[in-house]
Amino acid sequence: MVTALAESFVPLVAGHVGQLRAAGLLQEDLFIDGHWAPAADGARLEVRDPASGEAIANIASATADDVRRAVVAAERARHGWWRLPATERAEVLMRWYDLIKEDQEQLAVLLTIEEGKPLAEARGEVAYSAAFVRFYAEEARRGYGEVIPGNRSSRRLFALRQPVGVVAAITPWNFPALMIARKVAPALAAGCGVVLKPASEAPLSGLALAELGNRAGLPAGIFNVVHGDPVVVGAVLTGDETVRMLTFTGSTEVGKLLMSQCAGTVKRLALELGGNSPFIVFDDADLGAAVQGAIDSKFRNAGQTCVCANRILVQSGAHDAFVERFANAVSQLKVGHGLDADVAIGPLIEESAVAKVERHLDDATAKGAQVLSGGQRHELGGTFFEPTILVGATSGMELARGETFGPVAPFFRFDTEEEALALANSTSSGLAAYFYTRDLGRAFRVGEGLEFGVVGANTGVISYEGAPFGGMKESGFGREGSHHGLEEFLEVKYLCVDGI
């Protein structure tokens, strides 16, 4: 139920929607072969502001034929794009970067009204997205091959790096600009053509990025955007043999399904799947720094991130003092519409997300956990939920085994370093982990012992476009960011030249 308080957001959002349309940054059609077009059958889907529940756009819902047209366009465009000197591809990507930076504020507003996160976070996401475009504009010049010492005097041996081909990218709603930039930018830098399927809950940032890419001079067909029914779009992207790679960020369940669907054409895969991040605080930690790190990690995007602190593990000697400090900090967090000043926590994306949070809380309290603060829907109504602290959490609870994806901070108590590592690693996920200690030896032992692809020591914020990001175990494989992110989109070809 949307309350009168939430309905008061409607005029604010409507004004911004008008401005974004006037600037050409709120697009609703499919972007195929350099042109905006409705779906072949005219079908459309509503996009709603999660804070007010108000419809803000009606996007085209692609048919299978629409998706196939996008794949054909990408295949045709990629040959000329790849043959361009790397310096020329880099220049186009740098123009794209410049346009994103110029429109950063409007893009941040668009992101907030389609996804719900606070405007300050949205600004940071847009800036980070632009940083990926800039980084891979620079990396386009560095897709180095190798000269191999030969085994015969008449031969010259080479390892060439060439683009994998047409890439399908499927991105989630929780970072609707960032996830696109860190997949599309390296794919384009490598010389690939791209067909993007953004999440239907928050597709508008991806469409705005496509518009800016078009203005920057990306060739027609090299970057296409098709949104709609994930079953319809996904069936074409996973089944078409012209698509040579699929890069996906989303749930482990969907990732496994896509993996099986891609097996028939033996596509290359890069999968960033679900997480279950531990945040470990040892007795010797700087508690003030650890509290701030936990707040930053847990409540960013209202807890709707795959790398947020899902389980907060605190050593017994520091437990009570840490919980008290953490609770004081949480009490200062303002809940509201992301466009309002000083808001730290926005709404959850949809009603099903709230239901999952409530299910996890009911299970935890039934098994002995206690709600220290929060624990219920916010007075704003709709999909707003109070920031919640649970104490007495144990490994047998549902929230210990899977992602809550909401503003719930469960506290687990441990006694020894060995116990902390065992508890942290007792999950099939392996995406991100965090720990705080001032013991140098422990920093290395724990950093090496955590079975996660990304580990932060004495920090709750680990992201950087120049570092590799990705998971272990059932959190997937492949890396985004750094030179490793470019290599995901490059094949290694051995060339042997004889008769010299």
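Residues numbered from 1 in each chain as written. Predicted model: local features only at pLDDT ≥ 70, side-chain atom pairs only at ≥ 80, totals over all residues. Heavy atoms only, no water.

Asks: Looking at this structure, I do not really get the overall build of the chain. What am I missing?
Replies: From N to C terminus, the chain includes 17 helices and 20 strands. Rg of the C-alpha trace for the chain: 23 Å, near the compact-globule value of 23 Å for 500 residues, within the 12% margin. When the backbone C-alpha atoms are referred to their principal axes, the chain occupies close to 75 × 60 × 40 Å. Sequence separation of 24 or more characterises 73% of the internal contacts of the chain that already satisfy a separation of 6 or more. Accessible area for the chain stands at about 18,900 Å²; split by element, carbon and sulfur atoms hold 53% of it. (Helix = DSSP H or I, 4+ residues; strand = E, 2+ residues; numbered from the N terminus. Rg over C-alpha atoms; globule rule 2.2 N^0.38 Å. Contact = heavy atoms within 4.5 Å. Areas by Shrake-Rupley, 256 points an atom, 1.4 Å probe, with all protein chains shown as cover.)

Asks: Looking at this structure, I do not really get the pattern of salt bridges. What am I missing?
Replies: Scanning the model with the defined rule gives 28 salt bridges in all. A salt bridge links R69 to D66, with the shortest nitrogen-to-oxygen separation between them at 3.3 Å. Of the two residues, R69 and D66 are both situated in helix α3 (residues 64–83); the distance of three residues between them amounts to about one turn of the helix. Judged by relative accessible area, which is 42%, R69 ranks as partly exposed. With its nearest N and O atoms 2.5 Å apart, the salt bridge here joins K117 to E125. The same class applies to K117 and to E125, which are both buried. In the salt-bridge network here, residues are joined through shared partners; they are R182, K183, E272 and E480. (Salt bridge = Lys/Arg side-chain N within 4 Å of Asp/Glu carboxyl O. Buried < 20%, exposed > 50% of the residue type's maximum accessible area, 1.4 Å probe, protein only.)

Asks: For this particular structure, what's the right way to read unusual backbone geometry?
Replies: Outside of glycine, negative phi angles account for most residues, and trans bonds account for most peptide bonds. In this model, D33 sits at a positive phi of 55°, which is unusual for a non-glycine residue. Tracing the backbone through its elements, the reader meets D33 in the loop between β1 (30–32) and β2 (35–37). Unusually for a residue other than glycine, F405 sits at a positive phi of about 55°. Examined against the element boundaries, F405 turns out to sit in the loop between α14 (398–401) and β16 (408–414).

Asks: How should I be thinking about empty space enclosed by the protein in this particular structure?
Replies: Where empty space is left becomes clear once a probe the size of a water molecule has been rolled over the atoms. Within the structure shown, the criterion is met by four cavities of 30 Å³ or more. Space inside the largest cavity adds up to approximately 60 Å³. As for the largest cavity, its lining consists of K183, T247, F248, A270, L271, E272, F469, G470, F477, G478, R479 and E480. Among the elements of the structure, β10 (243–249) and β11 (268–272) are those that each provide at least two residues to the lining of the largest cavity. When residues of the lining of the largest cavity are assigned to their parent elements, the largest contribution, three residues, is made by β11. Partitioning the lining of the largest cavity into residue classes produces five nonpolar, three polar and four charged. Estimates place the volume of the second largest cavity at around 50 Å³. F31, A210, G213, N214, L218, P219, A220, G221, I222 and F223 together form the lining of the second largest cavity. Broken down by element, the residue count for the lining of the second largest cavity peaks at three residues, all from helix α8 (residues 204–216). (1 Å grid on protein atoms, 1.4 Å probe; cavity = no way out; pocket = protein on both sides within 12 Å on 5 of 7 lines; lining within 4 Å. Points joined across faces, edges and corners; volume = space filled by probe spheres on them. Nonpolar A, V, L, I, M, F, W, Y, C, P; charged D, E, K, R; others polar.)

Asks: Would you mind showing me how to read the packing of aromatic side chains here?
Replies: For the structure on display, the rule yields 13 aromatic pairs. Taking 5.2 Å as the distance between ring centres and 75° as the angle between the ring planes, the aromatic pair formed by F326 and F411 counts as edge-to-face. Placement of the pair is F326 in helix α12 (residues 316–330) and F411 in strand β16, with a sequence separation of 85 residues. Joined through ring pairs, the aromatic side chains of Y128, F132, F135 and Y136 make up one cluster. Between K473 and the ring centre of F452, over which it is positioned, the NZ or CZ distance is 5.7 Å. (Phe/Tyr/Trp six-rings, centres within 6.5 Å; stacked < 30°, edge-to-face > 60°. Lys NZ or Arg CZ within 6 Å of the ring centre and 35° of its normal.)

Asks: Would you explain the pairing of strand β13 (residues 309–315) in this entry?
Replies: Walk down a regular strand and you will see the side chains alternate between the two sheet faces. Of all seven residues in β13, seven are buried, a share of seventy percent or more. Across five bridges, strand β12 (residues 277–281) lies against β13 in parallel orientation. Paired with P278 across the two strands is R311, which belongs to β13. With helix α11 (residues 287–299) bridging β12 and its parallel neighbour β13, the resulting β-α-β unit is right-handed. Bridge count for β13 against β16 is four bridges, and the pairing is parallel. Paired with L313 across the strands is F412, a residue of β16. (Pairing = 2+ DSSP bridges. Right-handed = clockwise from strand over helix to strand, strands pointing away.)

Asks: Whenever I open this one, the sheet that holds strand β6 (residues 156–163) confuses me. Can you help?
Replies: Each strand in a sheet pairs with another by means of backbone hydrogen bonds, the pair being arranged parallel or else antiparallel. The strand order across the open sheet built from three strands is β5-β6-β20, with neighbouring strands paired in antiparallel fashion. Sheet topology places β5 (146–148) and β20 (490–497) at the edges, where each strand pairs with a single neighbour. Each strand of the sheet is rotated relative to its neighbour by a mean of 25°, with strand direction disregarded. (Axes fitted to C-alpha atoms, helices over the stretch in contact; angles between N-to-C directions.)

Asks: Explain the state of the cysteines here, please?
Replies: Structurally, a disulfide amounts to a covalent bond that connects the sulfur atoms of two cysteines. Throughout the structure, instances matching the rule amount to zero disulfides. We note that C192 lacks a disulfide partner, and the nearest cysteine sulfur, in C262, lies 15 Å from it. A relative accessible area of 0% places C192 in the buried class. C308 supplies the cysteine sulfur nearest to C306, a cysteine that is in no disulfide, at a spacing of 8.4 Å. (Disulfide = S-S within 2.5 Å.)

Asks: Explain the nonpolar core to me, please; I cannot follow it from the model alone.
Replies: Side chains of nonpolar character tend, in soluble globular proteins, to be buried together. The biggest cluster of nonpolar side chains holds 72 residues, and the ones touching the most others in it are W96, I100, L188, L204 and F223. Looking at this core, the element that brings in the most residues is helix α6 (residues 119–139), giving eleven residues. The residues contacting W96, other than those within four sequence positions of it, are V133, V184, L188, L209, L212, G213, A216 and F223. W173, F384, A424 and L450 belong to the second-largest nonpolar core, a separate cluster that totals 70 residues. (Core = buried A, V, L, I, M, F, W, Y, C linked by side-chain atoms within 4.5 Å.)

Asks: Please explain α3 as it appears in this structure.
Replies: An α-helical turn contains 3.6 residues, so a residue and the one three or four places further along point in the same direction. Look at α3: 30 Å from first C-alpha to last across 20 residues, which is about the 28 Å you get at 1.5 Å a residue. For α3, the principal kink sits at A77 and spans about 30°. Looking at α3, one finds that the buried residues are D66, V67, A70, V71, A73, A74, A77, R78 and W81. (Expected span 1.5 Å × (residues − 1). Bend = angle between axes of the 7 residues up to and from the residue.)

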